[in-house]
Structures are given as C-alpha cells and as structure tokens.
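Residues per chain are reported as follows:
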Amino acid sequence: MDKLDRINERILRELSKDGRISNAELSLRVGLSPSACLRRVQELERSGVICGYRAVLNKNELGVGCVAYVMVGLSNHTKDSQLAFEAAMAIAHQVVECHNITGSYEYLIRVETSDLNTYKNFHTEVLGTLAQVTSISTYVVMESTKDQRS
C-alpha cells in the first residue's frame, strides 16, 4: 500500500479502538458506504497494514498481579548467545514480550506473574540459570496510567 489517506487513517484508528466493530458502524464513523468501507478494510488487510485482530484480556481477572519490565545484559554479543537467550524467552510462559534493544542492555522483556514472589522465582530459576545472562535490572510496574494494549 503506497500511502494512507485520511479515510484509511480513520479506519485504522477506529479498528484499533474496537476490532470487532461491525462494518456498518465503521462505515458510519468514517463517512463511507458499507461496501466502500469493506473494500478499504480488505485492502488494508491484503497489503499487510492490518496484521490481525486480537482479544484484549483483563489481566486482573486472569490472576496477573505483577508486571515487570526487565533489562537483560548478555556476557557476549555472539549470534549463538542471542539465539540461546531468545529461545529461552520463547518457552518462558511468564515472558509476554522480548525485544532486542540498543544501549547498555541487549534485551528488554515484559514479564507477567501472579505476584512478586512468583516473579522472584522466575528471576532465579529462569534468568538466573542462563549462562549468557550477566546483568538483570527489574522495574516493577506499580500502576499503568496509559496502556494502549488494554
């Protein structure tokens, strides 16, 4: 897709707020006929601008009481070391995001657990057992005043 026009931007904004909005309601909100609106949405999907739709879950209802952002430093910067760390994070169910970043640390991960003791166990039993990990700095979320994922 070459460039997003104002209508496509409005479509994306509305779908970002509510991915289950009906085409009829979406077309009203963006000022298009239902058929024109549906064509645009389908083109946004075909072109890869819209990658998918998901459910937003209430973490409290699921028992998530501790969210932490963790900066992880590796002992060396080899591809094998990075791949080993990424493989370990891929199977760790507590890790919901893993980002390779620039700066003083190699990775930023978001960890969700039921409570701080469970996070401590993850810190010790998962991160603490990886030979390539040399530094861990944890930032526990106390409150989220803005989170566009929810």
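Further up the page is the structure itself.
These figures come from a predicted structure and were not determined experimentally.

Caption draft 1: View of the overall build of the protein chain. Scanning the protein chain for helices and strands turns up five helices and four strands. The N-to-C order of helical and strand elements in the protein chain reads α-α-α-β-α-β-β-α-β. Its C-alpha atoms give the protein chain a radius of gyration of 20 Å, more than 25% over the compact-globule value 15 Å for 150 residues. Across its three principal axes, the protein chain shows a C-alpha extent of roughly 60 × 35 × 25 Å. Of all 150 residues assigned to the protein chain, the portion counted as buried reaches 29%. As displayed, the protein chain has an accessible area near 10,100 Å², and 50% of this comes from carbon and sulfur atoms. Averaging the coordinates of the 17 positive side-chain charges in the protein chain and doing the same for the 18 negative ones gives two points 8 Å apart.

Procedures and definitions
- Residues numbered from 1 in each chain as written.
- Predicted model: local features only at pLDDT ≥ 70, side-chain atom pairs only at ≥ 80, totals over all residues.
- Heavy atoms only, no water.
- Helix = DSSP H or I, 4+ residues; strand = E, 2+ residues; numbered from the N terminus.
- Rg over C-alpha atoms; globule rule 2.2 N^0.38 Å.
- Buried < 20%, exposed > 50% of the residue type's maximum accessible area, 1.4 Å probe, protein only.
- Areas by Shrake-Rupley, 256 points an atom, 1.4 Å probe, with all protein chains shown as cover.
- Lys, Arg positive; Asp, Glu negative; His and termini not counted.
- Charge placed at Lys NZ, Arg CZ, Asp CG, Glu CD.

Any link to function would need more than the numbers given here.
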